[in-house]
Each structure stands twice: as structure tokens, then as C-alpha cells.
Amino acid sequence: MKALMYDSFQQPLQLVDLPDPSPAPDGVVIEVKASGICRSDWHGWMGHDSDIHLPHVPGHELAGVVLATGAQVERVAPGDRVTVPFSVGCGKCEQCSAGHQQICDHYFQPGFTAWGSFAEYVHIRYADVNLVKLPDSMSFVEAASLGCRFITSYRAVVAQGRLAAGEWLAVHGCGGVGLSAIMIGKALGARVIAVDIEEEKLAMAKELGAEIGLNARKTDSLTADILDQTHGGVHVSIDGLGSHETCRNSVLSLRKRGRHVQVGLLAGDQADPPLPMGRVISHELELLGSHGMQAHQYPTMMDMIVSGQLSPSQLVGKCVSLEEAKDELEHMDHFAHTGMVVIDRF
């Protein structure tokens, strides 16, 4: 099979021919039809993820067709159109038994703990617990755009943030995660503030439902502006980028008893941000993380997509070939594109 591989961190990826995978007893081999290019893939290529062992094939936002199944697999069959959460639960540990497969104690992550979907074929373990069958109306590109960014944002806004109609939501960073959160917040009936440093991204945020767009580089005090325009702060705030600045601003944007949800990865020199814990105590704020979404939680989100309440395909800014994905990943820290980039030609 053709695949993009790197054998050193921060060095150019190579388009190579590799042996086709075969399924483990509990696994499947999927013919990849679309795969998102995510900032998490870039963090992995930079050497920020200890799960990655070289040489490595990245890619975890995938959709495709089941090609072969292991002997123990019962819920899917060759020919099924599927996607999968980026964090795959074993189905047996304490977390999985409680329904929290997204934080499985023995997690499997294509593109991190194993070779991923920047390839013609990918092998996925624990198939019966984690594979999600696609609605007939959903394209492979739209399905690939769901995870990890859209599903993580969905869970961040709905389950972790507990956003309700009429509440204020602030979204810091209007990349794939942030734009997803804006669309979801609007669909839930919230009032949304988008924050970024690029006018083009703020314009797209407004198209997707943001009521207010704030350029963090064009204000003397971003958080003061948010507190003023919301008469005391937002109920829920999402850091969709992952930096010291965006994390701190997200916390400081909250009204009393507000909920901050960290979605953007804080890695490299942006790990362990200093936080205003005095404000957290005095305002009784909640600080929450969001790490993907369980396969068994997909149906409600899928129903909203099929009904037209959510349209993840609007978040896809560009489709590229597998070979073109090389440059897209290596230059992802430039934040050049509005919306997600998806590989759709292998």
C-alpha cells in the first residue's frame, strides 16, 4: 500500500510502499477513502507524543470501507462504510465498562499507538466496540471531518460544557476545533463569541453562527471586552487552540460558576500554562478537559447531521491527495488555511 511515513521527528515525510495490513482477531482492515489532517498529527510529527515510535505513519481522522475482519468481529462486515473515534477503547477496562471509552486505560489510537490513516489501508483494533457505521447520505469526506476535531468539540460543548440555549459561549481559536464548537453552540441555541487573530477566520466563524467576532490582536483587553459584552462573562468557554494565552483568556472570560473546557493540545513549550487559580476559587469556576467521544455517543450527533441541524462538511476548507498531504502537515504550524484539510485521493 501507499503511505506517508517519517522515520525522524521534524524531518520530511516520504511517500512509500508498505505491506498491506491484515486484521487481528478483534480488528478490521479499512480501505481509507478520506482522512483529515489534524494539528494532533503535527504535534506527533514534532515529537510531542510519547506514544509514537519510529518509523511512523500518521493519520487518525478517517472514514472508509471495511475490507477484512478478524475472526472475533461480529458487528461489521466487509463492505460496510464506517468511521471510528480517534481514541479507541478496549471495551474491558474500568473506564470502558463505565462507558468512557474515550479515556480507555488500554487505548488504541491509529496514527499514534499504531500506524494511521495517511495510507491506502489502516488496521483498527477493538472493532466491535468502536466502529461507527455511516448514514447513506454522509460522504467519506464529511465523515472524516468528524474526528477528532468535530467529535471532540461536540462532547466539549454538549457533555463537558453542558451548554444550554440562551447561554453565552466563547470560542478561543477558530481552526477546525473552534469552528466546530461555534456551529454546535449555534445549533444548541447559544449566543457565541468567536476569538482569533485572523479576520478571515473570524468571518467564517460569523458565517457559522458566531454573534460576535473579536480579534485578540486588535483590543487592549480581550477578556474585558468579553465581560463587558456579555454583562459579566460567558457561561462556557472553549480553548480550541492550545496555548498559554488562549487557555488563560478562556478562563478569564468566564462569569461566576462558568465552565472552561480545554480542547486544544497544550504541548511543547506551551505545556503547563500558568492559570489564574485565584479567580477559579473566588468565582467557583470549573476547569474541564475533553478527549474525543465514545462511539456509543455518536447517534445523537449523527441525527443532527442527517436532519441538517449540523453540517460538518461546511468546515472542510480544502481536499488534497496523499502526496500533497506531506506539505500540509509539515507546515501546519503556519495556520494558513481556514477550515479543515482532508485527504480524499490515495
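In this text, all values refer to a predicted model and were calculated from it rather than measured experimentally.

Our focus in this paragraph is the packing of helix α5 (residues 146-160) against helix α11 (residues 298-306). The contact between α5 and α11 brings their axes to 11 Å, and the two run at 100°. Looking at the two axes, α5 sits roughly perpendicular to α11. Across from L146, F150, I151 and Y154 in α5, the residues of α11 making contact are Y298, T300, M301, M302, M304 and I305. For the contact of α5 with α11, a count of residues per class yields nine nonpolar, one polar and no charged.

The next thing to look at is the pattern of salt bridges. Pairing of side chains with opposite charge becomes possible as their charged atoms draw close. Counted by the stated rule, this structure contains 15 salt bridges. With a shortest N-O distance of 2.6 Å, R191 and E211 are connected by a salt bridge. Taken together, the residues span a long stretch of sequence, with R191 in strand β9 (residues 191-196) and E211 in the loop between α7 (199-207) and β10 (212-215) at a distance of 20 residues. Judged by its relative accessible area of 37%, R191 is partly exposed. R217 serves as the salt-bridge partner of E245, at 2.9 Å between the closest nitrogen and oxygen. One end of the pair, E245, is in helix α9 (residues 244-252); the other, R217, is in the loop between β10 and α8 (222-229), with 28 residues separating them in the sequence. Classification of E245 by relative accessible area gives partly exposed; the value is 37%. Because the salt bridges share partners, they merge into one network encompassing E324, D344 and R345.

Turning our attention to the side chain of S237. Structurally, the position occupied by S237 is in strand β11 (residues 234-239). Accessibility expressed as a relative area gives 0% for S237, which makes it buried. A polar side-chain atom of S237 sits 3.1 Å from a polar atom in the side chain of H172. Polar side-chain contacts of S237 include one of 2.8 Å to the side chain of S250. Those residues in contact with S237 that sit more than four places away from it in its chain are A170, H172, S250, S253, L254, R259, H260 and V261.

To continue, consider the nonpolar core. In this structure, I182 and M301 are the most contacted members of the largest nonpolar core, which totals 52 residues. Considering each element in turn, this core owes the most residues, seven residues, to α5. Setting aside residues no more than four positions away along its own chain, M301 makes contact with L146, F150, I151, Y154 and M293. One finds L4, W42, V320 and L329 within the second-largest nonpolar core, a separate group that totals 24 residues.

Right, let's talk about α7 for a bit. Those residues of α7 that fall on the buried side of the exposure criterion are K201, L202, M204 and A205. Viewed end-on, α7 has its buried residues packed into an arc of 160°, placing them on one side of the element. Across α7 from its buried face, at more than 90 degrees, point the exposed residues E200 and E207. Packed against the buried residues of α7 are α6 (176-187), β9 and β10. A positive phi of about 130° marks G209, the residue just after α7.

A negative phi holds for most residues other than glycine; trans holds for most peptide bonds. A cis amide bond links L54 to the next residue, P55, at an omega of -5°. Position of P55 relative to the elements: it lies in the loop between α1 (39-46) and β4 (61-69). In this model, G147 is joined to C148 through a cis peptide bond whose omega is 25°. Within the secondary structure, C148 is located in helix α5. One non-glycine residue, R257, lies in positive phi territory at about 65°. Position of R257 relative to the elements: it lies in strand β12 (residues 254-262). Judged by its relative accessible area of 54%, R257 falls in the exposed class. Positive phi outside glycine occurs at E284, with the angle close to 50°.

Read from one edge to the other, the open sheet built from six strands follows the order β10-β9-β8-β11-β12-β13, with strand pairing classed as parallel. Sheet topology places β10 and β13 (286-289) at the edges, where each strand pairs with a single neighbour. Taking each pair of neighbouring strands and ignoring which way they run, the sheet shows an average axis angle of 20°. In this fold α7 packs onto β9 and β10, with an angle of close to 165° to the strand it touches most, β10.

Cut-off values and rules
- Residues numbered from 1 in each chain as written.
- Predicted model: local features only at pLDDT ≥ 70, side-chain atom pairs only at ≥ 80, totals over all residues.
- Heavy atoms only, no water.
- Axes fitted to C-alpha atoms, helices over the stretch in contact; angles between N-to-C directions.
- Helix = DSSP H or I, 4+ residues; strand = E, 2+ residues; numbered from the N terminus.
- Parallel < 35°, antiparallel > 145°, perpendicular 65-115°, else oblique.
- Contact = heavy atoms within 4.5 Å.
- Nonpolar A, V, L, I, M, F, W, Y, C, P; charged D, E, K, R; others polar.
- Salt bridge = Lys/Arg side-chain N within 4 Å of Asp/Glu carboxyl O.
- Buried < 20%, exposed > 50% of the residue type's maximum accessible area, 1.4 Å probe, protein only.
- Polar contact = N/O pair within 3.5 Å; in protein donor to acceptor, adjacent residues only side chain to side chain.
- Core = buried A, V, L, I, M, F, W, Y, C linked by side-chain atoms within 4.5 Å.
- Arc of directions from axis to C-beta.
- Pairing = 2+ DSSP bridges.

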